[in-house]
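Remarks on the overall topology
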Amino acid sequence: MISALSSYLKRRCTDLEVYKQVRRDLHRIPELGFQEYKTQSYLLNYLKSLPQERLEIKTWRTGILVKINGQSPKKVIGYRADMDGLPITEETGYEFKSEHEGQMHACGHDFHMTIALGLITHFASHPINDDLLFIFQPAEEGPGGAEPMLQSDVLTEWKPDMVVALHIAPEYPVGTVATREGLLFANTSELFIDLKGKGGHAAYPHNTNDMIVAACNLVTQLQSIVSRNVDPLDSAVVTVGKITGGTVQNIIAETARIEGTIRTLSPESMANVKKRLLALVKGIEVGYECETKVDFGAMYHQVYNEFKLTREFMTFADQHPGIHMVECTEAMTGEDFGYMLKEIPGFMFWLGVGSEYGLHHAKLKPDERAIFTAIELLTNYITFKGNG
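How each quantity is defined
Residues numbered from 1 in each chain as written. Predicted model: local features only at pLDDT ≥ 70, side-chain atom pairs only at ≥ 80, totals over all residues. Heavy atoms only, no water. Axes fitted to C-alpha atoms, helices over the stretch in contact; angles between N-to-C directions. Helix = DSSP H or I, 4+ residues; strand = E, 2+ residues; numbered from the N terminus. Parallel < 35°, antiparallel > 145°, perpendicular 65-115°, else oblique. Left-handed = near helix turned anticlockwise from the far one by under 90°. Contact = heavy atoms within 4.5 Å. Salt bridge = Lys/Arg side-chain N within 4 Å of Asp/Glu carboxyl O. Buried < 20%, exposed > 50% of the residue type's maximum accessible area, 1.4 Å probe, protein only. 1 Å grid on protein atoms, 1.4 Å probe; cavity = no way out; pocket = protein on both sides within 12 Å on 5 of 7 lines; lining within 4 Å. Points joined across faces, edges and corners; volume = space filled by probe spheres on them. Nonpolar A, V, L, I, M, F, W, Y, C, P; charged D, E, K, R; others polar. Expected span 1.5 Å × (residues − 1). Phe/Tyr/Trp six-rings, centres within 6.5 Å; stacked < 30°, edge-to-face > 60°. Pairing = 2+ DSSP bridges. Core = buried A, V, L, I, M, F, W, Y, C linked by side-chain atoms within 4.5 Å.

Helix-helix packing is described using two parameters, namely the angle between the two axes and the distance between the axes. With their axes 9 Å apart at the nearest point, helix α2 (residues 15–28) and helix α4 (residues 109–125) run at an angle of 140° to one another. What the angle tells us is that α2 and α4 run oblique. When you trace α2 past α4, the crossing you get is right-handed. Residues Y19, V22, R23, L26 and H27 of α2 pack against D110, F111, M113, T114, L117, G118 and T121 of α4.

Below, the structure written as structure tokens:
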């Protein structure tokens, strides 16, 4: 079965240029979460070009769901691809660089969508026994599309029995895939803290409550959470990535804003970190006689791979021609696919794309050969699962 499909896919290598062009088309039009209108339109136009006999297509907000009806279905196999870009100004030097100023596919979602289209193209003409559901999900980078999409009428109706997703991995070469049973990605939470005191002239600090001083003191205190409030055998991250405050150099700042992220390896640790953080903020409120507001923004549930399905896939990939299977360690990366895995058995894996620059970098340049590595591997795996 595998060798026959591999031969078929090799004969279709003329599609190499087609899928490169699809990826490049998508790369040109990155859009932020729930604003993926051009992306949705492009995907729908592509899907309309395929044989429609077994396809059912529905939309949800800026997302798309594509059901391919099987020949004698007993279950539904799901595959998820995220759609949105990031608020990053591209510096790749590509001829096909982003046409949207300040937005870029710097996390590989252009790859993820292209791979899904490649799979749909194959199975639209080569149906298997079971039904397939391809989920093009918006807003993975924020504010989070997986959780509300799961609650939608269309996904409630078409809920798969298992679900799979991948994420590009710049640190691995093309041909390598990596995953593990159990925890793969961390629990994550955004963090926004606003402080408001009393501004005034720089020459009269005694008449003010300086929020830059308060913010700097709070940032220092936040660093004590992981070092002094988290079990050394556990893991957590509290990172402040941005501080804003003040207007000019000779006015004491009335307001300041801290922006960051929290990441933990368990929901319990996330709750404990947040509890301690709120206590420290309350102390700043008292000590600096100011008002504070804490917003944890979007929170993503951990990506927890189902043991049996993940081990089966790892064994399958390890035996697949041209694939180097790596059992990796967990990462502090966040992914809202975790919400889908919370409700549906399945797994996520890393796809090696061999880029010098990493995820969310303005110079990320993943190797396009990885698109075909993924299409071949997943075509074979889905066929194996869907005819089993």
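Let's shift gears to the pattern of salt bridges. Oppositely charged side chains can form a pair if their charged atoms are brought close together. With the rule as written, the count across this model stands at 20 salt bridges. With a closest N to O distance of 3.5 Å, D131 and K67 form a salt bridge. Pair noted here: D131 is in strand β4 (residues 131–137) and K67 is in strand β2 (residues 63–68), with a separation of 64 residues, a long-range link. Given the relative accessible area of 11%, K67 is considered buried. The network of salt bridges with shared partners includes R23, R24, D110 and E368.

On to the layout of surface pockets. A volume near 750 Å³ is recorded for the largest pocket. Forming the boundary of the largest pocket are 30 residues, of which L86, E141, E190, R263 and H360 lie nearest the centre. Put simply, the parts of the chain that give the lining of the largest pocket at least two residues each are β8 (187–196), β10 (236–245) and β12 (255–264).

Turning our attention to the packing of α4 against helix α11 (residues 369–386). Taken N-terminus to C-terminus, the directions of α4 and α11 make an angle of 45°; their axes are 9 Å apart at the nearest point. Of the possible angle classes, the one that applies to α4 and α11 is oblique. Judged by the twist between their axes, the crossing of α4 over α11 is right-handed. Of the residues in α11, those touching α4 at F111, T114, I115, G118, L119, H122 and F123 are A370, I371, A374, I375, L378, T379, I382 and T383. For the contact of α4 with α11, the residue count by class is 10 nonpolar, 5 polar and no charged.

It is worth spelling out α11 at this point. Helix length check: α11, at 18 residues, gives a terminal C-alpha distance of 26 Å against a target of 26 Å (1.5 Å per residue), a fit within 8%. Counted residue by residue, α11 has 16 buried out of 18 residues, so it is predominantly covered.

With that out of the way, let us pick up the packing of aromatic side chains. What the rule picks out here adds up to 13 aromatic pairs. Geometrically, the ring pair formed by Y94 and F96 is stacked, given 4.1 Å between the ring centres and 20° between the ring planes. Where F185 meets W350, the ring centres are 4.9 Å apart and the plane angle is 55°; that geometry is what we call tilted. Of this pair, F185 sits in strand β7 (residues 182–185) while W350 sits in strand β17 (residues 346–352), and the two are 165 residues apart along the sequence. W350 carries the same exposure label as F185, and that label is buried.

On to the sheet that holds strand β3 (residues 76–82), then. Across a sheet, paired strands are connected by hydrogen bonds in the backbone, their directions being either parallel or antiparallel. Sheet architecture is open: 8 strands sit in the order β1-β2-β4-β3-β5-β17-β6-β16, paired in mixed fashion. The open sheet has two edge strands, β1 (55–60) and β16 (324–327), and neither has a second partner. Each strand of the sheet is rotated relative to its neighbour by a mean of 25°, with strand direction disregarded. Sheet strands in contact with helix α3 (residues 37–48) are β1, β2 and β4, and its direction is about 20° off that of β2.

This part is about the nonpolar core. Counting residues in hydrophobic clusters, the biggest one holds 61 residues, and the most contacted among them are Y79, I115, F134 and F136. Counting 32 residues, the second largest nonpolar core, distinct from the first, contains W158, V163, Y172 and F337.

Let us now look at the pairing of β3. Within β3, 7 of the 7 residues are buried, which leaves it mostly tucked inside the rest of the structure. Neither face of β3 is open: one carries V76, G78, R80 and D82, the other I77, Y79 and A81, and all of them are buried. Summarising the sheet, β3 and β4 pair through 7 bridges and their orientation is parallel. Note that in β4 the partner of G78 across the bridge is L133.

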